[in-house]
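# Descriptive structure summary
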Amino acid sequence: MPVLLEAYLTPSRQALRFALKATLAMLLALYAALWFDLERPYWALIAAAFLQIRPMSGMVIEKGLCQIGGTLIGAVAGIAVMALSAQAAAPALYALTLWVMACAYAGSLMRGNFTYGCVMAAITALLVVFLSLSQPDRVFDVAVARVSELGLGEISATLVSALVWPVRVTDHLAEQADAAINSAFTHAGQRLDADMPLATVQRSLTASLGPLNVLEADSQAARYEGPGGGARIRAAHVLTQRAMRLFAALGGIQQLLRDHPGRIGAPLCMFAGEMAEGFREAESVRGVPAARRHLQALRERARTYPDDDLDPLQRRVVTGLRAILGHAMVLLDAREAIAHPGRHQLRSGVPAWHRDHGEAAVNALRAGAAFAASAAFWVATHWSGGPIAVLMATLPSVLFANRDNPATICTMFFKGMLAALPSAFLFGHVLLARASGFPMLAMLVLTPLFIGLLGAGHRRLVGYCLPFTIFNILLTMPGNGMDLSFDNFANRALAVTGGLAVATVGFRLVPGLGASLRRRRLIHAIGVDLHRLAQPPLHEVEARFSGRMADRLLRLARHDDLLDEAHRHLLMIGLNGLDVGIAGLRLRHRLDGEPPPVRAALVALLDTLAAAFVASARGHAPVDVAAAARTLDAALVDHDVLDERGRAPLRGLLERLELALARQASEMGHHRRDAPVAVSA
């Protein structure tokens, strides 16, 4: 059955509840806005609709706070622009261009609902200025009216979310944690199976990172659902970071199993196969306790694995397998802490985000150009629909700026708007012109909105049905003094179409950072982080590196998913960088308190590893790693820091890293010979 027919003929219970809750929130917002005789009630409807996109109570509260906070900031900015420009149009538009660019820049550096707050700051400032240019003395009244309308929509959405079929973020996080752990265990079983096709392994890695993306993005809203919210947020951070460490460790072990089975030996390869089967069994059982029992048996087997007669590289493989099982056990602990924060306490530092200021600058320039072009056309033509066109050109430019495929999303938005044109004309003008009273108004206005929201409950249709809903509101503009003339409708439809066209063209002409530039920036950023591993204090360095790399890898996972199989190498670079960094941190934990010569040799080795990573990521063979490792080993011998048994795992670790970097250099050299693929940022 086609997706469209499936969504409307056999809708799921979840989709029906979502559509009913969002429609009820908009009904409440519309009634209250009309009762208070607000100037533009449709902004209350739009606010309620946006807040119900993720109808979980904590998400609604967080997004509502970001919305009202961004609205207040935008209102103050709009008043300041009008005051500083002396109510003249040209200076006001110049100042607004800079404000839009600042909001797009800040939104590109933020995460989750805080990005939405930046969007509201930009849009509210535009509304305040546009609606005040003809009546400068009403600028404060206009600002208060916009805040009141959006605040009313927020209150309506929050009440409906809390009272009608309430859904908690806590339950959602537990489901995502289960999905993330099951996917990670599936991926672990495939990684440790030397005969598994690499394409299958890559697909399972991408599938594993999807739930982690959702978990990390949504966990912040748990703070609004009771005293256990902070513990759940920490547990989500731990789960995400440990999952990334698990994937990095699995990648290193898989490379040795595939490329150097003779060095590893048949017994170790067989044990890795046993672990692969154990991860498959742990993924298939129901409940955390059963999975823990499976992994605990494997962990005991790995702990007692005889390693006296193994060479350093083989010992490193055994240590790596033990670390993989340790990471898996921590994932289960984090899952329990998300569900029952009072029973399990996990420590997690404040996560450090990866912030790409270059990409943010590109997004800011693109948003500023879209606003300036549409505003200049409005000023030159004095078109009555100009403000709507400017708004529609600016909104997607800021809202979708930090997405990995903004041009595709904007095109979907445009198609949803085109579908809304006949619907808004029929329900919002032809039929509404013959209606009287609030019941008929609500029925005719909300019917197409419910239809759109019902389709938006289906994951594959949300990109079309949500803009269908929003543009039905904008094209109808329900209120106490509606203009139902065809000329007015056609003018609004042309303005909305023109504004979205400008935004879509902007994303096509300025697509953002392509794969080649993104790769260079990624290599540079990871190289800088690796060079900083030697800086004190250790706990701050570890928290910063782990957080930035986890965030970076989640973003790269979304980006790599847009590429074909032959060019999905950015995520591989990130995982290798994480592997090198974790190894460096492990060396620091072991050797930080040793004599200065040992410490100096360790710092030199960390710098060498960072330089080798950058070189290998650019397709050049890593150099000096073996020499730096020998220097550190000699310093350990000279100062009697470790005996032979203690130094062997370190030698094995450094040998494994050298082999991994050599493999990366070979693969990236192959990629460099291919023509680069440009994709949207």
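### Observations regarding the side chain of arginine 245
Its location among the elements puts arginine 245 in helix α10 (residues 229–259). Sequence-distant contacts of arginine 245, that is, excluding residues within four places in its chain, are made with His327, Glu542, Ser546, Leu578 and Ile582.

### What about helix α25 (residues 625–638)?
In this model, α25 (14 residues) spans 20 Å end to end at C-alpha, consistent with the 20 Å of a helix rising 1.5 Å per residue. Among all positions in α25, only Val625, Ala628, Ala629, Leu632, Asp633, Ala635 and Leu636 are buried. The buried residues of α25 occupy one face: seen down the axis, they fall within an arc of 160 degrees. Projecting away from the buried face of α25 at angles above 90 degrees are the exposed residues Arg630 and Asp638. Trailing α25 by a residue or two, aspartate 640 shows a phi angle of about 50 degrees, which is positive.

### With respect to the nonpolar core
Formed by 113 residues in total, the largest nonpolar core has its most connected members in Leu239, Phe247, Phe279, Leu295 and Ile324. Broken down by element, this core gets its largest block of residues, 15 residues, from α10. Setting aside its immediate chain neighbours within four residues, phenylalanine 279 contacts Phe185, Ala188, Gly189, Leu192, Leu295, Leu298, Ile324, Leu325 and Ala328. Counting residues in each nonpolar core, the second largest holds 99 residues, with Val81, Val119, Leu126 and Ala442 among its members.

### Quick word on the packing of aromatic side chains
Overall, the coordinates contain 13 aromatic pairs when judged by the stated rule. Judged by centre distance (6.2 Å) and plane angle (85 degrees), the rings of phenylalanine 377 and tryptophan 383 are edge-to-face. Through pairs of rings, three or more aromatic residues link up here, namely Phe130, Phe371 and Trp378. Above the ring of tyrosine 116, the side-chain terminus of lysine 63 is found at 4.8 Å from the ring centroid.

Parameters at a glance
Residues numbered from 1 in each chain as written. Predicted model: local features only at pLDDT ≥ 70, side-chain atom pairs only at ≥ 80, totals over all residues. Heavy atoms only, no water. Helix = DSSP H or I, 4+ residues; strand = E, 2+ residues; numbered from the N terminus. Contact = heavy atoms within 4.5 Å. Expected span 1.5 Å × (residues − 1). Buried < 20%, exposed > 50% of the residue type's maximum accessible area, 1.4 Å probe, protein only. Arc of directions from axis to C-beta. Core = buried A, V, L, I, M, F, W, Y, C linked by side-chain atoms within 4.5 Å. Phe/Tyr/Trp six-rings, centres within 6.5 Å; stacked < 30°, edge-to-face > 60°. Lys NZ or Arg CZ within 6 Å of the ring centre and 35° of its normal.

In short, the description is geometric, and any link to function would need to be established separately.
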